[in-house]
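For reference, the chains in residue letters:
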Amino acid sequence: MPAITADTLTLPRIAAPKASDTERPVRSITTGPRGYEGEGFPVVRAFAGVSAADLDPFVHMDQMGEVEYQPGEPRGTDWHPHRGFETVTYMIDGRFAHQDSHGGGGLITDGATQWMTAGSGILHIETPPAELVESGGTFHGIQLWVNLPRKDKFATPKYQAIEGNEAKLLSSQDGGSLVRIIAGDIDGAQGPGATHTPITMAHATVEPGAQLNLPWNRDFNALVYVLSGRGSVGPVAHPIHQGQLAVFGPGDRITVTAEGTQDSNRPALEILLLGGRPIREPVFHYGPFVMNSKAELIQALEDYQSGKFGQIPADALMPHRPFN
């Protein structure tokens, strides 16, 4: 799990808690079921079983992989539409190629993030490049959907390419955790992602036996998803492991602790930290559209079918399928 690494002893340290700070309690821990997405790549449905109110402003999240593909096995998506939200693809290991109908595109690889504002409507594709399909290899990432408020549902589509080395890096107080801020603010450090909806997104590596305690915006909800490894969360140390999501209650800080012994192929506790200011508007979600009413969903489908989401480019990427 390479992502971006650094010597934590040389990084800025997250400030210790103030006497007035309160720890966020754990409200729930759920286990995501496994499934398949796109043309058949394996995912963990990270948000399954969690109430929309606890997730707001997030709508959907899949952990893609972690899987070691044999030659010819890698899969992605074909061209498909979106409207009304932002898609975030964070590649921890492996490569994914992106292209969309508004000119965005590029290769997402080892710690990079593509942030696509679907807004008023867009067509896009995410697919392993041909050379990865032919050779096989490790594939591991996150696909996150961030809702847009009513006032931004029809924003002009936009694409941001965030390279792994652009993430803001911090270390925990004990030096045993590396925090990569992709978007939002942690302890005054700002990530590079520009978002319509105020959120924080970070990937942390917590070494065996280390503890990560960090400040969290009181106005935001707080979610911790375990990408890999085992540990505990919250002030009373609720056990948590790979594929589980912790939802926290109100407070000022989040605590995550890694077990002292991890599996040999899982050398540390890897977590995704998410939080955002709840939008608190009606959510009507159908397939690739996230709107505020059923009528808007119907309109989105009609607009897509009539070509109002743009055109697939002449030089379009297409899923690569090797000859048998």
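Source: prediction; values computed, not measured.

Analysis parameters
- Residues numbered from 1 in each chain as written.
- Predicted model: local features only at pLDDT ≥ 70, side-chain atom pairs only at ≥ 80, totals over all residues.
- Heavy atoms only, no water.
- Helix = DSSP H or I, 4+ residues; strand = E, 2+ residues; numbered from the N terminus.
- Contact = heavy atoms within 4.5 Å.
- Pairing = 2+ DSSP bridges.
- Axes fitted to C-alpha atoms, helices over the stretch in contact; angles between N-to-C directions.
- Expected span 1.5 Å × (residues − 1).
- Buried < 20%, exposed > 50% of the residue type's maximum accessible area, 1.4 Å probe, protein only.
- Arc of directions from axis to C-beta.
- Phe/Tyr/Trp six-rings, centres within 6.5 Å; stacked < 30°, edge-to-face > 60°.
- UniProt positions renumbered as here; feature names shortened; annotations may be inferred.
- Polar contact = N/O pair within 3.5 Å; in protein donor to acceptor, adjacent residues only side chain to side chain.

Caption draft 1: The environment of P71, seen in detail. Among the secondary structure elements, P71 is positioned in the loop between β4 (58-69) and β5 (80-82). Separated by 83 residues in sequence, P71 and F154 place their C-alpha atoms 41 Å apart. Non-local contacts of P71, meaning those with residues more than four positions away in its chain, are made with V133, E134, S135 and G136.

Caption draft 2: Examining the sheet that holds β4 more closely. With antiparallel pairing, seven strands are arranged side by side in an open sheet as β2-β3-β4-β11-β6-β9-β12. Both edges of this open sheet fall to β2 (34-37) and β12 (158-162), since each of them pairs with a single strand only. Averaged over all pairs of adjacent strands, the angle between strand axes in this sheet comes to 25 degrees, irrespective of strand direction.

Caption draft 3: Helix α3 (residues 294-305), seen in detail. For α3, built from 12 residues, the straight-helix expectation of 16 Å at 1.5 Å per residue is met to within 8% by its first-to-last C-alpha distance of 17 Å. For α3, the set of buried residues is L297, A300 and D303. Viewed end-on, α3 has its buried residues packed into an arc of 125 degrees, placing them on one side of the element. Exposed residues on α3 whose side chains face more than 90 degrees from its buried face are K294, A295 and Q305. On its buried face, α3 sits against β25 (284-286) and β26 (289-291). Just downstream of α3, G307 is the residue with a positive phi angle, here 85 degrees.

Caption draft 4: Geometry of the packing of aromatic side chains. Tallied over the entire structure, the rule returns four aromatic pairs. Centroid distance F85 to W145: 4.5 Å. Interplanar angle 35 degrees. Geometry classified as tilted. Of this pair, F85 sits in strand β6 (residues 85-93) while W145 sits in strand β11 (residues 137-147), placing them 60 residues apart in sequence. Since its relative accessible area comes to 0%, F85 is described here as buried. Under the relative-accessibility criterion, W145 is labelled buried at 10%. Feature note: the residues F289, Y304 and F309 constitute an aromatic cluster, connected by ring pairs.

Caption draft 5: The UniProt feature "binding site: Fe cation" (unreviewed entry) in the chain, seen in detail. Under the UniProt annotation, "binding site: Fe cation" (unreviewed entry) lies at H80, H82, H124 and E126. What stands out for the annotated residues spanning 47 residues is how close their C-alpha atoms remain, the widest pair being 12.9 Å apart. Turning to its location among the elements, H82 is positioned in strand β5. Beyond its immediate chain neighbours, meaning those up to four positions away, H82 contacts T87, M116, A118, G121, I122, H124, W145, P288, F289 and F309. At 3.3 Å, the side chain of H82 and the side chain of H124 are in polar contact. Those residues within four positions of E126 in sequence are excluded, and the remaining contacts are G76, T77, T89, F96, A97, H98, I108, Q114 and Q143.

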